[in-house]
Amino acid sequence: MRPPKSESGANRDALIKALLENKDEYTSGEELGELIGSSRAAVWKHIKALETFGIIVDSVRNKGYRISSETDTVHPAFAKVDEIAKMGFKYNYLASVGSTNQAARELANGGAPSGTLVVSEVQNTGKGRLSRGWESPQGGLWMSLVLRPEIPPSSAPFMTILTGVALADVLNKEYKVPAKIKWPNDILVDGRKLSGTLTEMDAEMTRINFIIIGMGINVNNSLDDLPKEVKAISLSQAVGQQTGAVAQQSGSTGEKLDRVLLLHRILGSIMSWSKVMKSEEGREFILDRWRELSDTLGKEVRVEMVGEDLVGKAVDILPSGALVVENEKGRHEVLSGDCIHLR
Ligand code: BT5
């Protein structure tokens, strides 16, 4: 994951540091060059390259360079990684990757501890469930968390429930966005998909080696690249709608949101809900919160499973993660599948 730093990588980090240390004023190209031991021309090249991290730098003739307020990045120099470490997570950052779940799996296979987190600005082959794809352009939060919980493999789906609650809770409480959970684990706002989760497990019959929780959250990213039939929303849009800042212009985004703050809030939420999960009572409480936040319960649904479909009314969620669907043939517990809300 972390190859030895190339000279240009080291220069780039020194440049980011220098710009951050002088973030309220302009620093001349010459001065930056001296600070990082490069020519002015090399400084300019490095500055352009920072855009791949979402770090935008204003340049003004005769004044120099300054970090722009347009910057939208989760680069470690901005992400307050020491606070993330205090929460028990180890931050691994990439400018771009195929899939953070895949990168997390490689780390986990190499023995990475529980709490290892992989975050990438961009994913080139982001994964959805059932071999579907996940569009992951700059501006979203694309991340995967390695966990090694001491629970039996049969309890693993509870981690998916917990993640849904942790995410939807943050969006409701901190952003006042009416986020709902669609079984199994989409986060919807007004029926539009804000986030999806891909949980993967590596286990033996009786014990879990690791679980990877991959979370994809549309934040500031443009949704233009999504297929027309995908109804998606970004958090910036959703917040804009809430505050009326986006005057009914569907498709336009509101102000850019601070992805670092969102990341910290999500990690904090996962951490505190994980503590709740430790007791039987706590798990009941999490299920109750899931029920409250659910967009699926009480609805007529069609659950598409391998080889068969089930139509009925979604009435409950079980600790196993199963959705309980009732129809004229009785009560069915569905562990996995795609859920379509009919009414
Ligand atoms: C999911 O799958 O919703 C799980 C998505 C998990 C993505 C995260 S990002 C970090 C981590 N690393 C990965 O490689 N993956 C995880 P599913 O329910 O199968 O939904 C996939 C469908 O959502 C696609 O077929 C599209 O229709 C739609 N879609 C694709 N990109 C989207 C986006 N950015 N926002 C909303 N919908 C999208």
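Just checking my understanding: could you explain the packing of aromatic side chains for this structure?
A complete count under the given rule lists three aromatic pairs for this structure. Ring geometry for Trp273 versus Phe285: centroids 5.8 Å apart, planes at 20 degrees, classification stacked. Of this pair, Trp273 sits in helix H8 (residues 259-276) while Phe285 sits in helix H9 (residues 280-293); the two residues are twelve residues apart in sequence, bridging distant segments of the chain. On the basis of relative accessibility, which here comes to 48%, the residue Phe285 falls in the partly exposed class.

Honestly, the site of the ligand in this entry has me stumped. Any pointers?
Taken together, 26 residues lie near the ligand, and Ser99, Lys127, Arg132, Lys193 and Asn218 sit nearest. Lys127 is positioned such that a nitrogen or oxygen atom in its backbone is 2.7 Å from an oxygen atom of the ligand. Between the ligand and the protein, one listed contact pairs an oxygen atom with a backbone N or O atom of Arg129 at 2.9 Å. Coverage of the ligand by the protein amounts to 91% of the 790 Å² it exposes when considered alone. Secondary structure elements with two or more residues in the shell around the ligand: helix H5 (100-109), strand S4 (116-127), strand S5 (133-136), strand S6 (141-147), strand S9 (192-203) and strand S10 (208-217). Broken down by element, the shell around the ligand gets its largest block of residues, four residues, from S9. Among the residues making up the shell around the ligand, the classes are represented as seven nonpolar, 13 polar and six charged.

Teacher, can you tell me more about unusual backbone geometry here?
Glycine aside, a negative phi is what most residues show, and trans is what most peptide bonds show. Cis peptide bonds are those with omega within 30 degrees of zero, and the linkage from Trp183 to Pro184 qualifies with 0 degrees. The residue Pro184 is located in the loop between strand S7 (179-182) and strand S8 (186-189) in this model. Phi at Leu130 is positive, roughly 50 degrees, even though this residue is not glycine. Judged by relative accessible area, which is 59%, Leu130 ranks as exposed. Phi angles above zero are rare outside glycine, and Ser131 is one such case at about 60 degrees. Positionally, Ser131 belongs in the loop between S4 and S5.

Sorry, what's going on with the side chain of Thr116 here?
With respect to the element layout, Thr116 can be found in strand S4. A distance of 2.6 Å separates a polar side-chain atom of Thr116 from the backbone oxygen of Pro113. Excluding residues within four positions of it along the chain, Thr116 makes contact with Lys90, Asn92, Leu107, Ser144, Leu145 and Val146.

Quick question: what am I supposed to make of a negative patch on the surface here?
Together, Asp24, Glu25, Glu30, Glu31 and Glu34 make up a region of like negative charge exposed at the surface. By relative accessible area, which is 66% here, Asp24 ends up exposed.

Any chance you could explain the sheet that holds strand S14 (residues 330-334) here in plain terms?
Picture the strands of a sheet paired through backbone hydrogen bonds; they go either parallel or antiparallel. Taking strand neighbours across the sheet as the criterion, the five strands line up as S14-S13-S12-S11-S15 in an open arrangement whose pairing is antiparallel. Only two strands of the sheet have a single neighbouring strand rather than two, namely S14 and strand S15 (338-341). Here the average twist between neighbouring strands, direction ignored, is 45 degrees. Relative to S15, strand S11 (residues 300-305) is paired through four bridges, and the arrangement is antiparallel. Looking across to S15, one finds that Arg302 is bridged to Ile340.

When you look at the packing of helix H2 (residues 29-36) against helix H3 (residues 40-49) in this model, what are you seeing that I'm missing?
How two helices pack is summed up by the angle between their axes together with the distance between the axes. Relative to each other, H2 and H3 sit at 90 degrees, their axes nearing to 8 Å. Here H2 is positioned roughly perpendicular relative to H3, judged by the angle of their axes. Across from Gly29, Glu30, Leu32, Gly33 and Ile36 in H2, the residues of H3 making contact are Arg40, Val43, His46 and Ile47. Class assignment of the residues belonging to the contact of H2 with H3 gives a composition of four nonpolar, three polar and two charged.

What is the right way to look at helix H6 (residues 157-175) in this model?
Residues three or four positions apart in an α-helix share a direction because the helix packs 3.6 residues into each turn. Over its 19 residues, H6 runs 27 Å from end to end, which matches the ideal 27 Å to within 8%, given 1.5 Å per residue. By the criterion of burial, H6 is predominantly enclosed, with 15 of the 19 residues buried. Two residues or fewer past H6, Lys176 is found with a positive phi of approximately 55 degrees.

Help me understand the packing of H6 against H9 in this model?
Two elements in contact, H6 and H9, have axes whose closest approach is 9 Å; the angle formed by their N-to-C orientations is 55 degrees. The angle between H6 and H9 falls in the class oblique. Note that H6 runs across H9; the crossing there is left-handed. Along its contact with H6, which presents Phe158, Ile161, Leu162, Val165, Ala168, Asp169, Asn172 and Lys173, the element H9 presents Arg283, Ile286, Leu287, Arg289, Trp290 and Leu293. Looking at side-chain class alone, the contact of H6 with H9 contains nine nonpolar, one polar and four charged residues.

Sorry if this is basic, but what is going on with the side chain of Asn101 here?
Along the polypeptide, Asn101 turns up in helix H5. A relative accessible area of 3% means that Asn101 is categorised as buried. Leaving out residues up to four positions away in the same chain, Asn101 has contacts with Lys127, Ser144, Leu198, Glu200, Ile212, Ile213 and Gly214.

Could you clarify how one ought to interpret the environment of Ile84 in this entry?
Locating Ile84 in the fold gives a position in helix H4 (residues 81-86). Given a relative accessible area of 0%, Ile84 falls into the buried group. As for Ile84 and Leu267, which are separated by 183 residues in sequence, their C-alpha atoms are 7.9 Å apart. Discounting residues that sit within four places of it in the chain, Ile84 has contacts with Ala79, Phe89, Tyr91, Leu263, His264 and Leu267.

Reading guide: rules and limits
Residues numbered from 1 in each chain as written. Predicted model: local features only at pLDDT ≥ 70, side-chain atom pairs only at ≥ 80, totals over all residues. Heavy atoms only, no water. Phe/Tyr/Trp six-rings, centres within 6.5 Å; stacked < 30°, edge-to-face > 60°. Helix = DSSP H or I, 4+ residues; strand = E, 2+ residues; numbered from the N terminus. Buried < 20%, exposed > 50% of the residue type's maximum accessible area, 1.4 Å probe, protein only. Near = heavy atom within 4 Å. Polar contact = N/O pair within 3.5 Å; in protein donor to acceptor, adjacent residues only side chain to side chain. Areas by Shrake-Rupley, 256 points an atom, 1.4 Å probe, with all protein chains shown as cover. Nonpolar A, V, L, I, M, F, W, Y, C, P; charged D, E, K, R; others polar. Contact = heavy atoms within 4.5 Å. Patch = residues over 30% accessible without salt bridge, like charges linked within 9 Å, V, L, I, M, F, W, Y side chains within 5 Å. Salt bridge = Lys/Arg side-chain N within 4 Å of Asp/Glu carboxyl O. Lys, Arg positive; Asp, Glu negative; His and termini not counted. Charge placed at Lys NZ, Arg CZ, Asp CG, Glu CD. Pairing = 2+ DSSP bridges. Axes fitted to C-alpha atoms, helices over the stretch in contact; angles between N-to-C directions. Parallel < 35°, antiparallel > 145°, perpendicular 65-115°, else oblique. Expected span 1.5 Å × (residues − 1). Left-handed = near helix turned anticlockwise from the far one by under 90°.

Any link to function would need more than the numbers given here.
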